[in-house]
Amino acid sequence: MTGTKKGCDHGQCGSCTVIAGGRRINSCLSLALVHQGDTVTTIEGLAHGDQLHPVQTAFLEHDGYQCGYCTPGQIMSAVALLDEVRKGQPSQVTPELRKAGPVELTPDEIKERMSGNLCRCGAYPGIVAAVQQAYGQTQS
Amino acid sequence: MSAAAIGEPLTRVDGRAKVTGAAKYAAEFEVPHAAHAVMVTSTVASGRITRMDTTAAERSPGVVTIMTPANAPRLPNNGRAAVNPPAGRVLQLLQDAEVHYNNQPIAVVVAETLNQALLAAALIDVRYQSTPPKLDFQAGFPAAHVGKNKIPSMLSEGDVAQGFAAAEVTVEQIYTTPKQNHNPMEPHGTIASWDGELLTLHDATQYIFGVKQTVAKTLGIPEDNVRVLCPYTGGGFGSKGSTWSHVVLAAMAAKVAKRPVKLVLERPQMFGPVGGRPETYQHIVLGAKRDGTLTAIRHDCYSHVSTVEDFVEPSSSQTRMLYAAPVITTSQKLVSLNVGTPTFQRAPGEATGTFALEIAMDELAVALNMDPVALRLKNYAEADPTSHKPFSSKHLRECYEQGAGRFGWSKRNPAPRSHREGNLLIGYGMATATYPANRSESQAAVRFEPNGRVTVLSGTQDLGTGTYTIMAQVAAAKLGLPITLVDAKLGDTRQPQGPVSGGSQTAASVTPAVQAAAEQAVLKLVTLEISNPGSPFYGALPEELDFKEGKLLRRSAPASGIPFTEIVGRNGGAAVEAKASAKPSQDVEEYSQHSWGAVFAEVAVDESLGMPHVRRLTAVYDVGTLLNEKTGKSQLIGGLVWAQSLALEEETHIDPTTGRPVNNNLAEYHMPVNLDIGALDVSALGTPDKNFEPLGGRGIGEIGITGASAAIANAIYHATGKRFRDAPITPDKLLA
């Protein structure tokens, strides 16, 4: 499988993001043996056959990519992000840390939580729009 | 589904492959028995290698071969291909022991696995006889030289002394921009495999035919023996427009190892061996009358080059055509340094040049107490002020008007430091964007397939620019088919030849060839039918027939249409294909061809922390026809992100003693992350430029980075009352 990318090999760019044991990680900094028994999801494991994950569809619709090289990492981050806000995990820009329940997904929350994934093409506005759409669709 | 239309915001045809991880980039192809290579690079900037001890490395597990200056295959002409840039550069191919810059390739280690190659590479002991490197840019000004470029290094229009004597107000300042590196997310990489004398290269490139020609000429083999494949390029921005050393080294290593070799650059190796944007030092003098009329412009530029090869960053380019001054004098000089050869980086010249010129214009507006938009309108060039040719098309006035309106420019209080929100100083600035419209000869083929689909092919590249999509879209629109019935193929030198994906020229070069090929393919269907007694169109005249919605029909009887699959069937079931070539007509020489734009920026500066934040950018462009609104706008947005990066973040730091790139990684080489980017309001007028190419579209890949960096710098001046002329404008400078 070549969907997971190597951009820096130092955990700096996020191109190698996968979801391991329910959390997004930079796979380039992670040893396989640390994840013994974990479920690891890569970009190849998101779609069900021809049925794309809502985040994948949203990236297509909002042109949330250009060259596509950082895209698998961006999408894996976005999928994990939706889970994190639902679980109420705060970020650096979350205004109220003591409030229980899901975090409100403002554009700044999306931007902050996607800032570990570099996109040199500068597709950031499309990525934010894609995450917003996917959040709306997966809410119910 | 209805037929595709030009301009329609269709989703990328290669999008599904990209969001599912199915898109394969150069280094991801599985080539049986491929060994892994790593490049060893120099740790001094100048001198020669006196000893390279590979004993320990050779004994290291898994090592297949180690290629050094002592044992590397000798190449004809010492490895100089004599191919012009962008394709051909002066390479470091282990033909001698000389070191010209820190991080220069000096050896290649090939092993069974990547980790084995990395370990062995670390075991090589290199001794140098070091000479003091030339690393001080400004110290080199007295000995600066003039380089070769398509534009002359000096250009003077009008009587310079008289022009400045006539000025009532003068602005004279120095502007600088730093060294930068492209850093596409996909590192450069090559897989080389030999089958006898035939060489196949999977290469991350912006120019497959350039790689083919350069590698063949460097190795001294026939061009027909080289095939280059690159279906996806993970970003390039100019660095992948040239064939750099590692491509040829991979081919050499595969020959020595007698098996395929994969060589991917480590991220730190992206700083030097594959080009970057040179540092610039720009002296600008603007002379004007009190009413704002420019009497003279001077723009003298220095940029650096390597000690092995010249490259001109033509920062004065736009100064020669942007404003209607009677006197315009510009120059370009080069300083040789012991660093990797600089190269084309997104809008080479205009990116750095508009940063300087458009800040200078803002300074003049301040000096004249004049609105910056009004100053630009006062000096609006109706024709090119130095070539004196008419512009192929220019609607910059509308860009200023629409941009100012959308941004709310009229609400701006012109006084600096006049907007404050608590600790934040808010500023508004604007600038003009411009980039030349380029086009060159290209070929394409269109094929009617027996299964009812159409294939469009061209040996071009898609770096994320949307080439696949617009090829399919233009072919589908031409043939009256939905885009879902068209397959686009590119990135293989067995396809009809396409040009380098550089200079924002791919769309304007390739799509006319696609249209011509579609016409020729239809003509082939017509020819087959009118000469086939089995056809209902037997004996008809070609002009009596037409092709619509996938059917050939008589113009006089539109219901007579028969699907092309029937014709393909009558032709023995073999696909019907035609190839065509398109090049700019001679008429284009009569015009000065450029794209235009107006950019407005709102920046908030934290007065205590010196942190600038670009809250919003409004940009309106005149880029001719947008072939696809969705992918087109993405290109413009990407350019704006680069402009913000140039203004506020990006800089390659070279150690002044060792010449080593210090911040040679993606954590310390700052470029924008998602949270850095504010609200971007991007639009295009969409006025076709039929004087330039048939569909009226000019390039869009580079104009976004021009002007906008100055708009941001001007907004920072307006916010803080302090003028910054040295990019990037970082918090340390803002707090100083």
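Residues numbered from 1 in each chain as written. Chains lettered and ligands numbered in written order. Predicted model: local features only at pLDDT ≥ 70, side-chain atom pairs only at ≥ 80, totals over all residues.

**Remarks on the overall build of chain A**
Right, on to step 1. Check the secondary structure of chain A and you find four helices and three strands.
Right, on to step 2. In sequence order, the secondary structure elements of chain A are arranged as β-β-β-α-α-α-α.
Right, on to step 3. A globule of 140 residues ought to have a C-alpha radius of gyration of about 14 Å, and chain A, at 15 Å, matches this closely.
Right, on to step 4. A principal-axis box enclosing the C-alpha atoms of chain A has dimensions of 40 × 35 × 30 Å.
Right, on to step 5. For chain A, the residues scored as buried account for 49% of the 140 residues in total.
Right, on to step 6. A separation threshold of at least 6 residues defines the contact pool for chain A, and within that pool the share at least 24 residues apart is 55%. (Helix = DSSP H or I, 4+ residues; strand = E, 2+ residues; numbered from the N terminus. Rg over C-alpha atoms; globule rule 2.2 N^0.38 Å. Buried ≥ 20, exposed ≤ 12 C-beta atoms within 10 Å, placed from the backbone. Contact = placed C-beta atoms within 7 Å.)

**Side note on the overall build of chain B**
Right, on to step 1. Scanning chain B from terminus to terminus reveals 15 helices and 27 strands.
Right, on to step 2. Seen through its C-alpha atoms, chain B measures out along the principal axes to roughly 80 × 75 × 50 Å.
Right, on to step 3. In chain B, buried positions account for 57% of the 736 residues.
Right, on to step 4. Here the analysis covers contacts within chain B between residues at least 6 apart in sequence; of these, 82% occur between residues at least 24 apart.

**Remarks on the packing of helix α5 (residues 208-219) of chain B against helix α6 (residues 245-257) of chain B**
Residue and element names in this part refer to chain B.
Right, on to step 1. Between α5 and α6, whose axes approach to 10 Å, the crossing angle comes to 55°. The angle between α5 and α6 falls in the class oblique. Between α5 and α6 lies a crossing whose hand is right-handed. Residues V211, V215, T218 and L219 of α5 form the contact with α6, whose own contacting residues are V247, V248 and A251.
Right, on to step 2. Among the residues forming the contact of α5 with α6, the class breakdown is six nonpolar, one polar and no charged. (Axes fitted to C-alpha atoms, helices over the stretch in contact; angles between N-to-C directions. Parallel < 35°, antiparallel > 145°, perpendicular 65-115°, else oblique. Left-handed = near helix turned anticlockwise from the far one by under 90°. Nonpolar A, V, L, I, M, F, W, Y, C, P; charged D, E, K, R; others polar.)

**A few points about the interface of chain A and chain B**
Right, on to step 1. Listed per partner, the contact involves 42 residues of chain A and 39 residues of chain B.
Right, on to step 2. Every element with two or more residues in the side of chain A that touches chain B is listed here: α1 (54-61), α2 (71-86), α3 (107-113) and α4 (124-139) of chain A.
Right, on to step 3. Here the element with the most residues in the side of chain A that touches chain B is α4 of chain A; it accounts for five residues.
Right, on to step 4. Looking at the side of chain A that touches chain B residue by residue, the class counts come to 21 nonpolar, 14 polar and seven charged.

**Focus on the environment of E650 of chain B**
Residue and element names in this part refer to chain B.
Right, on to step 1. Topologically, E650 is positioned in the loop between α13 (629-648) and β27 (679-684).
Right, on to step 2. The class for E650 is buried, based on 22 C-beta atoms found within 10 Å.
Right, on to step 3. Separated by 408 residues in sequence, E650 and S242 place their C-alpha atoms 22 Å apart.
Right, on to step 4. Excluding residues within four positions of it along the chain, E650 makes contact with Q180, S645, H670, M671 and P728.

**Side note on the sheet that holds strand β1 (residues 17-20) of chain A**
Residues and elements named next belong to chain A.
Right, on to step 1. Taking strand neighbours across the sheet as the criterion, the three strands line up as β2-β1-β3 in an open arrangement whose pairing is antiparallel. Two strands bound the open sheet, and with one partner strand each, they are β2 (23-26) and β3 (40-41).
Right, on to step 2. Summarising the sheet, β1 and β2 pair through four bridges and their orientation is antiparallel. Across the sheet, V18 pairs through a bridge with I25, a residue of β2.
Right, on to step 3. The strands touched by α2 within the sheet are β1 and β2, with β1 carrying the most contacts at an inclination of about 35°. (Pairing = 2+ DSSP bridges.)

**Looking at the domain arrangement of chain B**
Right, on to step 1. Its domain assignment divides chain B into domain 1 (15-22 + 440-583), domain 2 (31-132 + 182-270) and domain 3 (280-438 + 589-735).
Right, on to step 2. Looking at side-chain class alone, the side of domain 2 of chain B that touches domain 3 of chain B contains seven nonpolar, ten polar and two charged residues. (Domains from an automatic or database assignment.)

**With respect to the confidence of the model for chain B**
Right, on to step 1. Averaged over every residue, the pLDDT of chain B is 97; the share at 70 or more is 100%.
Right, on to step 2. As a predicted assembly, this complex carries a pTM of 0.98 together with an ipTM value of 0.98. (pLDDT = per-residue confidence, 0-100.)

**Comments concerning helix α7 (residues 350-368) of chain B**
Right, on to step 1. Here α7 of chain B spans 25 Å end to end across 19 residues, near enough to the 27 Å set by a 1.5 Å rise per residue.
Right, on to step 2. Backbone geometry just downstream of α7 of chain B places N369 of chain B in the positive-phi region, at approximately 55°. (Expected span 1.5 Å × (residues − 1).)

**Topic: α13 of chain B**
Count 3.6 residues to each turn of an α-helix, and residues three or four apart come out pointing the same way.
Right, on to step 1. Compared with the 28 Å implied by 1.5 Å per residue over 20 residues, the 28 Å span of α13 of chain B between its first and last C-alpha is a close match.
Right, on to step 2. The buried fraction of α13 of chain B amounts to 18 of the 20 residues, a majority that puts the element mostly inside the structure.

**Things to note about unusual backbone geometry**
Right, on to step 1. Following P85 of chain B, the chain continues into P86 of chain B via a peptide bond in cis, with omega recorded as 10°.
Right, on to step 2. The topology assignment puts P86 of chain B in the loop between β3 (63-67) and β4 (98-99).
Right, on to step 3. Each neighbour pair has its own omega, and for A727 of chain B with P728 of chain B the value is -5°, a cis peptide bond.
Right, on to step 4. By the secondary structure assignment, P728 of chain B is in the loop between α14 (708-720) and α15 (731-735).
Right, on to step 5. If you check the backbone angles, D9 of chain A has positive phi at about 70° while not being a glycine.
Right, on to step 6. At S504 of chain B, a residue that is not glycine, the phi angle is positive and equals roughly 55°.
Right, on to step 7. Here S504 of chain B lies in the loop between β20 (486-490) and α11 (506-530).
Right, on to step 8. On the neighbour-count criterion, S504 of chain B (26 C-beta atoms within 10 Å) is buried.

**Observations concerning the pairing of strand β10 (residues 198-203) of chain B**
Residues and elements named next belong to chain B.
Right, on to step 1. β10 sits mainly inside the fold: five of its six residues count as buried.
Right, on to step 2. Across six bridges, the pairing between strand β9 (residues 189-195) and β10 is antiparallel. The partner of T190 across the bridge, within β10, is D203.
Right, on to step 3. As paired strands, β10 and strand β11 (residues 226-229) are joined by four bridges and run parallel to one another.

**Observations regarding the sheet that holds strand β6 (residues 125-130) of chain B**
Residues and elements named next belong to chain B.
Right, on to step 1. One open sheet accounts for three strands, arranged β4-β2-β6; its pairing is antiparallel. On the outer flanks of this sheet lie β4 and β6, each paired with one strand and no other.
Right, on to step 2. Pairing geometry for strand β2 (residues 47-53) and β4, over two bridges, is antiparallel. The partner of G47 across the bridge, within β4, is V99.

**A word on the nonpolar core**
Residue and element names in this part refer to chain B.
Right, on to step 1. By size, the foremost hydrophobic cluster in this structure holds 253 residues, and its most contacted members are V109, A253 and A475.
Right, on to step 2. With twelve residues, α11 is the single largest residue contributor to this core.
Right, on to step 3. With residues near it in sequence (within four places) discarded, V109 still touches A37, V38, V40, A57, V63, I66, A117, A120 and A121. (Core = buried A, V, L, I, M, F, W, Y, C linked by C-beta atoms within 7 Å.)

**Concerning the pairing of strand β1 (residues 35-41) of chain B**
Residue and element names in this part refer to chain B.
Right, on to step 1. β1 sits mainly inside the fold: seven of its seven residues count as buried.
Right, on to step 2. Going residue by residue along β1, you find A35, A37, M39 and T41 tucked away on one face and H36, V38 and V40 tucked away on the opposite face as well.
Right, on to step 3. Bridging between β1 and strand β12 (residues 261-264) involves three bridges; their strand directions are parallel. Looking at the pairing, A35 lines up with V261 of β12.
Right, on to step 4. Note that β1 and strand β5 (residues 105-111) share six bridges and pair antiparallel. Residue V40 lies in a different strand from β5, and its bridge partner there is A107.

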